[in-house]
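Breakdown of the fold
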Amino acid sequence: MLYAILCYHDEAMVGSWSKDHDDAVMEKLAVVQDKLTRQGRLGPVARLLPTTAATTLRKEGDPPLVLDGPFAETKEQLLGFYIIEAKDLDDALEVARDLGRANPGGSYEIRPVGVFRPGSIAS
Amino acid sequence: MSNIASDLAWIDAALISARPQAVGALLRYFRDLDLAEEAYQNACLRALKTWPQNGPPRDATAWLIMVGRNSGIDDARRRNRLAELPPEDAISDTDDAEGEIAERLDGSHYRDDILRLLFICCHPQLPATQQIALALRIVSGLTVKQIARAFLVSEAAMEQRITRAKAAVAKADVPFETPGAVERSERLAAVAAMIYLVFNEGYSASGDSIAERAPLCDEAIRLARLLLRLFPSEPEIMGLLSLLLLQNARAGARYDADGGIVLLDDQDRSRWNKPMIAEGMALIDKAMRHQSSGPYQVQAAIAALHSSAAHPSETDWTQIELLYRTLEMQQPSPVVTLNRAVAVSKVQGPQAALDLIEPLAKRLSGYFNFHGVRGALLLQLGRCDEARCAFDQAIALAGTTAEAAHIRMHIDRLKAESRAGERQVT
């Protein structure tokens, strides 16, 4: 069974970490990640850019609505995610619209990825 | 040991990030900056005492607001025994405050409290220097000593500047209601300008003052992020944050080991901060989709074009020149024209650039950069005597030793070349 582990934290607080503290946390995480990689158990890892860089596509309407900022509804739940390659936000939104046409309703939050490691799980 | 250290770092980060909201909420209760600040200070002391033992509260900000409010009420009661006692439930034991927090941090309060705090610091009656000092003290929570150091003034002078600002704000009948749309957008522009000034104070540091002043850049970025979270759809605020990130990304490459200036073309681009650039690019990309241009966005777009060139020769100077042209229309200033001239020199050559800046001579005669750019253009045109004259003027106006050293380098090169020329002649 594959499991996704979704990371939640107070963004303002993580943003207030000093560079040294941030580096130290990343280093400690790398130790755990390296162990999992050696065991062939680590899939893609991503650190997302802050929510200030996020855009949300509400896809219940036609055409879908593009909103600045992160997904903010509490009555909907996170059901899945994609990692895509796109040349800019317009391009990424185009992909999201395409996906939305196939599955209208709900929202996609589009967040640039800061750090990405593809992982080592054999499918 | 390292665990304890990282726990304390966690508390530090929590106190820093909770500050704007907590002080903003306390200001709403007490309607007095000093009381709000003192109350928050007390709450922090309490946190430093209890959090390491009891662990962090689930909602640190709410905890700090509650404890701060109770301490403020206690203080007020001690100061004025005749004052009416506050309701019993508000002064009850704070240790288990977290469970029964009346003040759940709902979205609208969050926004209004922080906005009010920022708007007060950027009150139109305060001169810019006081706005900056007040914001760094009240919103960012830097100590007076830290701010004084960053602005290269004595602690006493900075203390006085902040006290004056607070007194002016107290007198200025600050509205505690949320401002209307028009006023809000005016005030928003004032807050953005204040943040940009804070950044520039840090960014213009050189030599020995870098270590003390550079943190102002981080602080400005944090404030810009805070502002963008409050106004997630404002393209100019996206532009502001983008601009600060893209500029700050180059901070590590701007000076050599001896503190000498390294110009953009000569910087080691591998030393630019890539995550910062990625975030800055994502933000300007997002802002431009609104098709509502403004000076911060244009400047960010210029910075983005520099950042996306892997090598100086790949820089899209034509596009940069166009952007400076836009900026000239939005924000006409001889300094902007001077910057455009640098782009013009790359696209059309030094003569066209020189023609563009000669009319500015009178207005920019006291500006270091004008003579530096003019000297460099004259040099490219082979007009060495005039170039040396311009460089001499630049040195006389240099604000920092690094600036002077940079120009001196040009002059030395000129002298060396003319000596080599003489030798060739003889």
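Residues numbered from 1 in each chain as written. Chains lettered and ligands numbered in written order. Predicted model: local features only at pLDDT ≥ 70, side-chain atom pairs only at ≥ 80, totals over all residues.

**Concerning the overall build of chain B**
Where we set the bar: Secondary structure elements are taken from DSSP: a helix is a run of H or I of four residues or more, a strand is a run of E of two residues or more, and numbering for both begins at the N terminus. Three exposure classes are used, based on other C-beta atoms lying within 10 Å of a residue's own C-beta, which is placed from the backbone: buried for 20 or more, exposed for 12 or fewer, and partly exposed in between. Residues are scored as being in contact if the C-beta atoms we place from backbone atoms lie within 7 Å.
The number of helices and strands found in chain B is 19 helices and 0 strands. Sorting the 426 residues of chain B into buried and exposed places 41% on the buried side. By sequence separation, contacts in chain B at least 24 residues apart represent 62% of the contacts at least 6 residues apart.

**Let's talk about the environment of Val191(B)**
Residue and element names in this part refer to chain B. Checked against the element boundaries, Val 191 lands in helix H8 (residues 181-203). Considering only alpha carbons, one finds Val 191 and Glu 321, 130 residues apart in sequence, at a separation of 29 Å. For Val 191, the residues in contact, after removing those within four places along its chain, are Leu 118, Phe 119, Cys 122 and Leu 227.

**A look at the packing of H8(B) against helix H10 (residues 215-230) of chain B**
Residues and elements named next belong to chain B. Note the following rule: In this analysis an axis means a line fitted to C-alpha atoms, helices contributing only their contacting stretch, and an angle means the value between N-to-C directions, from 0 to 180 degrees. To sort the angles, those under 35 degrees are grouped as roughly parallel, those over 145 as roughly antiparallel, those from 65 to 115 as roughly perpendicular, and the leftovers as oblique. Handedness of a crossing follows from how the near helix is turned relative to the far one, being left-handed for an anticlockwise turn of less than a right angle and right-handed for a clockwise one.
Two numbers describe how H8 lies on H10: the axes approach to 7 Å, and their chain directions differ by 160°. Considered as vectors, H8 and H10 are oriented roughly antiparallel to each other. The handedness of the crossing between H8 and H10 is left-handed. On H10, the residues that touch Val 191, Ala 192, Ile 195, Val 198, Phe 199, Glu 201, Gly 202 and Tyr 203 of H8 are Pro 215, Leu 216, Cys 217, Glu 219, Ala 220, Leu 223, Ala 224 and Leu 227.

**Focus on the pairing of strand E2 (residues 55-58) of chain A**
Residues and elements named next belong to chain A. For clarity, the cut-off: At least two DSSP bridges between two strands are needed for those strands to be called paired.
Bridging between E2 and strand E3 (residues 65-68) involves 4 bridges; their strand directions are antiparallel. The partner of Thr 56 across the bridge, within E3, is Leu 67. Between the antiparallel neighbours E2 and E3 lie 6 residues. By the bridge criterion, 4 bridges tie E2 to strand E4 (residues 107-110) in an arrangement that is antiparallel.

**A word on the sheet that holds E3(A)**
All names here are of chain A. Here 3 strands make up an open sheet; going across it, the order is E3-E2-E4 and the pairing antiparallel. Of all the strands in the sheet, just E3 and E4 have a single pairing partner and so form its edges. Direction aside, neighbouring strands of the sheet carry axes that sit 20° apart on average. Against the sheet, helix H3 (residues 89-102) contacts E2, E3 and E4, and its axis sits at roughly 160° relative to E4.

**Comments concerning the nonpolar core**
Rule in force here: Connectivity within a nonpolar core runs through C-beta atoms within 7 Å, and the core itself is a set of buried Ala, Val, Leu, Ile, Met, Phe, Trp, Tyr and Cys residues.
Core analysis: the largest hydrophobic core is formed by 126 residues, its most contacted members being Leu26(B), Leu64(B), Ile195(B), Ala220(B), Ala224(B), Leu227(B) and Leu240(B). At 11 residues, the largest contribution of residues to this core is made by helix H1 (residues 2-30) of chain B.

**Digging into helix H18 (residues 384-397) of chain B**
Residues and elements named next belong to chain B. Short version of the rule: For a helix, the expected span equals 1.5 Å multiplied by the residue count minus one. Taken from the helix axis, the directions to the C-beta atoms give the arc we talk about.
Helix length check: H18 (14 residues) gives 20 Å between terminal C-alpha atoms against 20 Å at 1.5 Å per residue, within 8%. Those residues of H18 not exposed but buried are Ala 387, Ala 390, Phe 391, Ala 394 and Ile 395. Within H18, the buried residues cover an arc of 145° as seen down the axis, which keeps them to one side. Opposite the buried face of H18, at more than 90 degrees from it, the exposed residues are Asp 385 and Ala 396.

**Points about helix H12 (residues 274-288) of chain B**
Each α-helix winds once per 3.6 residues, and so residues spaced three or four apart point in a common direction. For H12(B), built from 15 residues, the straight-helix expectation of 21 Å at 1.5 Å per residue is met to within 8% by its first-to-last C-alpha distance of 21 Å. Among the 15 residues that make up H12(B), 12 are buried, leaving the element largely enclosed by the rest of the structure. All of the buried residues along H12(B) are Met276(B), Ile277(B), Glu279(B), Gly280(B), Met281(B), Ala282(B), Leu283(B), Ile284(B), Asp285(B), Lys286(B), Ala287(B) and Met288(B). Buried residues along H12(B) sit against E2, E3 and H3 of chain A together with helix H11 (235-248) and helix H13 (295-307) of chain B.

**Here we look at the interface of chain B and chain A**
Short version of the rule: Gly counts as polar in this scheme, as do all residues outside two lists: the nonpolar Ala, Val, Leu, Ile, Met, Phe, Trp, Tyr, Cys and Pro, and the charged Asp, Glu, Lys and Arg.
In this complex, chain B contributes 21 residues to the contact, which on the side of chain A involves 20 residues. Here the side of chain B that touches chain A takes 7 residues from H12(B), the largest share from any one element. Residues that form the side of chain B that touches chain A fall into these classes: 11 nonpolar, 3 polar and 7 charged.

**Observations regarding the confidence of the model for chain B**
What counts here: Values of pLDDT, which run from 0 to 100, indicate the predictor's confidence residue by residue.
Per-residue pLDDT for chain B has a mean of 86; in total, 88% of the residues score no lower than 70. Note that residues 91-103 of chain B has pLDDT below 50 and, in this model, 21 contacts with residues that lie over four places away or in other chains.

**Digging into the packing of H8(B) against H11(B)**
Residues and elements named next belong to chain B. Two elements in contact, H8 and H11, have axes separated by 11 Å at closest approach and are oriented at 5°. The orientation of H8 relative to H11 falls into the category roughly parallel. Across the interface between the two elements, Ala 192, Ile 195, Tyr 196, Phe 199 and Tyr 203 of H8 pack against Glu 236, Ile 237, Leu 240, Leu 244 and Gln 247 of H11. Residues belonging to the contact of H8 with H11 are distributed by class as follows: 8 nonpolar, 1 polar and 1 charged.

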